[in-house]
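Listed below, chain by chain, are the residues.
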Amino acid sequence: MTTAFKNCTSRFVPLNIENVDTDQIIPARFLKATTKDGFGKNLFRDWRYNNDDELNAREDFILNNKEYSGEILVAAKNFGCGSSREHAAWSIVDYGFRVVVSSFFADIFKSNALNNGLLPVQVSDAFLQKIFALPNGNTLTINLAAQTITIDATGEHESFDINHYKKTCLLNGYNDIDYLRSMKKEIEKFEAAKEGAVSTTKQKQFSIAVIMGDGIGPEVTRQSIKALDAIGEKFGHHFHYTYALMGADAIDKTGSPIPDETLEICVESDAILFGAIGHPKYDNDPTATVRPEQGLLKLRKELGLFANIRPVTTFPSLLHLSPLKNNRLTGVDFVVYRELTGGIYFGEKKVNSDYTEASDLCSYNKNEITRIAHLAFKAAAKRKNHLTLVDKANVLETSRLWRKVVQEIAETYPEVKVDYLFVDNAAMQIIVNPAQFDVVLTENMFGDIISDEASVISGSLGMLPSASVGTHTALFEPIHGSYPQAAGKDIANPVGSLLSTAMLLDHLKLFKEAALLRQAVAFTLDAKIVTKDIDPINYYFTSTVGDMVSEYIYGRLPGEMNHGNIELRKSTLI
């Protein structure tokens, strides 16, 4: 156990130096010790003393100025870059700091800090400059529970992000072992439930977090819940649903795009069924600081959902709706593996005060690439042994790193053929010859774009599913957006959500159940029980399509059906 971190109100020590690396924080010659104690006296050693002489202190260095003191170190951007040594965090804590504030931290330093009871608080460049401009003697307040930092003299405050698990550890003074001990009852309950599930081949229980979200999200998700209920009744399973908020709906109700309660629900569930997020009032306001999409990005990051998997296929009864000619649709069956928690979407973002200049940092490390590459190679080995890496290695350093890492990993999968396409060429090839692809592997932004492009091959954005997987609870969602213009009209296509639910069942190893759900969807398509996006004239309601899928699963549909009665939502189908 360590000291629990609740609030910290303290004066601060300003270190207005950019790009401070770990060798400057604690020089390498002091790394031989194996315990954490005693490192504080050597913090910033080469900056504090001339010629490494403790009797010859540099009076101009901030730590040697007795007028400055406190439990908070305020550093300029890119603090903690360099090596992965934990000793940097040890030395800062041993010196007496509890918090480090900066506008950007190196990821490894940030992780090491949290593991050693040091709270890294990342703020905007503008807020950081306000702190540096304060006269000596001012105080800051860090409220970990609320995840806010406040300038006490002015009341100005800003929110900061922190991993939910690490936040829990800091608030309670836990290390990893302490946390496991605190979860003893929950672990025993889980193990007992697991043993009970193994002991019977008939009935299994699953906890599903349901995030309906915005726009058409609730309508399509309700059809998936109908299907799960039908699966549960037919196969003797029980799906327990816990509903949670995220997106514009969450902002309207709580002020946050993803409340802490939602994260807790998701962490404790077996899978997450997700609808859609987004609203025009945020899309059309470039100055909005809180946006629905921030909730999804944070959920991915907190759960470590580093891989998005999007199958792309065609449906025989819908070939006429594809923008491509039929001769280009034969044999189309590929899957896109998109890296989901790195790249430009998660890099440092800056904009000047008058909104005339902005930048977004695209950054990747080898580990982020390696973990999704192995997933993609394993998938290719189970399919047609063909993997395509999509990058822009002729221009971008991040793409060159991707190509180098994938080439190294390819040596361990000799049976998989690997080829490489620049993203602009890949975008063209998906249209010209989509059947050439098997498994497509790419980074975050490229994957976002080409998977959306590929989705129109099927004839409708509402048709395709996706799964986001990683270190914690997996999430399943249709690839379409929130389509707010159709919200509440019962006309949205639920097939993408239903097929995402089939992927959820596969993830729970309910393979027969997943196959039956896919058969039910195929039946509705073949029977032309489709929504308005598929057939603008002879269409059925969202809820009617969901009813028909459920009826198929139950085995209640006759050989011949009266389409007029289906349209009227009557119970007599013959």
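Structure's up top.
Presented here is a report on the structure given in the accompanying data block. (Residues numbered from 1 in each chain as written. Predicted model: local features only at pLDDT ≥ 70, side-chain atom pairs only at ≥ 80, totals over all residues. Heavy atoms only, no water.)

Attention now moves to the overall build of the protein chain. A count of helices and strands for the protein chain gives 21 helices and 19 strands. A compact globule built from 574 residues should have a C-alpha radius of gyration of about 25 Å, and the protein chain, at 27 Å, falls within 12% of that. Projected onto its principal axes, the C-alpha positions of the protein chain cover 95 × 55 × 50 Å. Buried positions account for 50% of the 574 residues belonging to the protein chain. (Helix = DSSP H or I, 4+ residues; strand = E, 2+ residues; numbered from the N terminus. Rg over C-alpha atoms; globule rule 2.2 N^0.38 Å. Buried < 20%, exposed > 50% of the residue type's maximum accessible area, 1.4 Å probe, protein only.)

Another aspect to go through is a nonpolar patch on the surface. A contiguous nonpolar surface patch, about 260 Å² in accessible area, is contributed by Ile 177, Leu 180 and Ile 187. Along the chain, Ile 177 falls in helix H7 (residues 176–182). Ile 177 sits in the partly exposed class, given a relative accessible area of 47%. (Patch = residues over 30% accessible without salt bridge, like charges linked within 9 Å, V, L, I, M, F, W, Y side chains within 5 Å. Areas by Shrake-Rupley, 256 points an atom, 1.4 Å probe, with all protein chains shown as cover. Salt bridge = Lys/Arg side-chain N within 4 Å of Asp/Glu carboxyl O.)

All told, the structure shown has 24 salt bridges when counted by the stated rule. Of the charged contacts, one joins Lys 298 and Asp 161 as a salt bridge, the two residues approaching to 3.9 Å between their closest N and O atoms. Taken together, the residues span a long stretch of sequence, with Lys 298 in helix H13 (residues 292–303) and Asp 161 in the loop between strand S7 (157–159) and helix H6 (164–172) at a distance of 137 residues. A residue is classified by how much of its surface remains accessible, and Lys 298, at 16% relative accessible area, is buried. Linking Asp 333 and Arg 383 is a salt bridge whose minimum nitrogen-to-oxygen distance equals 3.7 Å. Pair noted here: Asp 333 is in strand S12 (residues 333–339) and Arg 383 is in the loop between helix H14 (366–382) and strand S15 (386–391), with a separation of 50 residues, a long-range link. For Arg 383, a relative accessible area of 31% translates into the label partly exposed. Each of Arg 29, Arg 45, Asp 46, Asp 52 and Glu 54 takes part in a single network of salt bridges with overlapping partners.

Moving on, we get to the nonpolar core. Within the largest apolar cluster, 82 residues are counted, with the highest numbers of intra-cluster contacts made by Ile 208, Phe 239, Phe 334, Tyr 337, Leu 441, Leu 517 and Ile 553. Residues contacting Leu 517, with those up to four places away along its chain left out, are Ala 227, Leu 498, Thr 501, Ala 502, Leu 505, Val 549 and Ile 553. Counting residues in hydrophobic clusters, the runner-up holds 27 residues, among them Ile 25, Phe 44, Phe 61 and Ile 62. (Core = buried A, V, L, I, M, F, W, Y, C linked by side-chain atoms within 4.5 Å. Contact = heavy atoms within 4.5 Å.)

Moving on, we come to the sheet that holds strand S1 (residues 7–15). Picture the strands of a sheet paired through backbone hydrogen bonds; they go either parallel or antiparallel. Read from one edge of the open sheet, 7 strands run S4-S3-S2-S1-S5-S6-S7, paired in mixed fashion. The open sheet is flanked by strand S4 (119–122) and S7, the only strands paired with a single partner. Across this sheet, the average inter-strand angle for adjacent strands is 30°, counted without regard to direction. Direction of pairing for strand S5 (residues 139–143) relative to strand S6 (residues 148–151): antiparallel, over a ladder of 4 bridges. Counted as the bridge partner of Leu 140 is Ile 151 from S6. (Pairing = 2+ DSSP bridges. Axes fitted to C-alpha atoms, helices over the stretch in contact; angles between N-to-C directions.)

With that out of the way, let us pick up the environment of Ala 527. Mapped onto the elements of the fold, Ala 527 is located in the loop between helix H19 (511–526) and helix H20 (542–554). For the pair Ala 527 and Ser 317, spaced 210 residues apart in sequence, the C-alpha to C-alpha distance is 9.1 Å.

The residue Pro 14 is located in strand S1 in this model. Separated by 48 residues in sequence, Pro 14 and Ile 62 have C-alpha atoms that sit 7.4 Å apart. Sequence-distant contacts of Pro 14, that is, excluding residues within four places in its chain, are made with Ile 62, Tyr 68, Val 74 and Phe 132.

With that settled, consider the pairing of strand S9 (residues 238–243). Relative to S9, strand S8 (residues 205–213) is paired through 6 bridges, and the arrangement is parallel. Bridge pairing in S9 links Ile 208 to Tyr 241. Taken together, S8, helix H9 (residues 217–235) and S9 constitute a β-α-β crossover, and its handedness is right-handed. (Right-handed = clockwise from strand over helix to strand, strands pointing away.)

With that out of the way, let us pick up the sheet that holds S9. Taken together, 10 strands build an open sheet; the order of strands is S9-S8-S10-S19-S18-S11-S12-S17-S15-S16 and the sheet is mixed. A single partner strand is all that each edge strand has here, and the edge strands are S9 and strand S16 (417–422). Averaged over neighbouring strand pairs, the angle between their axes works out to 25° when direction is ignored. Strand direction decides the pairing type here: strand S11 (residues 307–313) and strand S18 (residues 465–469), joined by 3 bridges, are antiparallel. Looking across to S18, one finds that Ala 307 is bridged to Val 469.

Here we come to the packing of aromatic side chains. Taken as a whole and judged by the stated rule, the model has 13 aromatic pairs. Ring geometry for Phe 39 versus Trp 90: centroids 5.5 Å apart, planes at 70°, classification edge-to-face. Pair noted here: Phe 39 is in the loop between helix H1 (22–25) and helix H2 (45–48) and Trp 90 is in helix H3 (residues 87–95), with a separation of 51 residues, a long-range link. Accessibility classification places Phe 39 together with Trp 90 in one group, the buried group. Among the aromatic residues, ring-to-ring pairing joins Phe 44, Trp 47 and Phe 61 into one connected group. The aromatic ring of Phe 5 is capped on one face by Arg 98, whose charged end is 4.5 Å from the ring centroid. Between Lys 301 and the ring centre of Phe 346, over which it is positioned, the NZ or CZ distance is 4.8 Å. (Phe/Tyr/Trp six-rings, centres within 6.5 Å; stacked < 30°, edge-to-face > 60°. Lys NZ or Arg CZ within 6 Å of the ring centre and 35° of its normal.)

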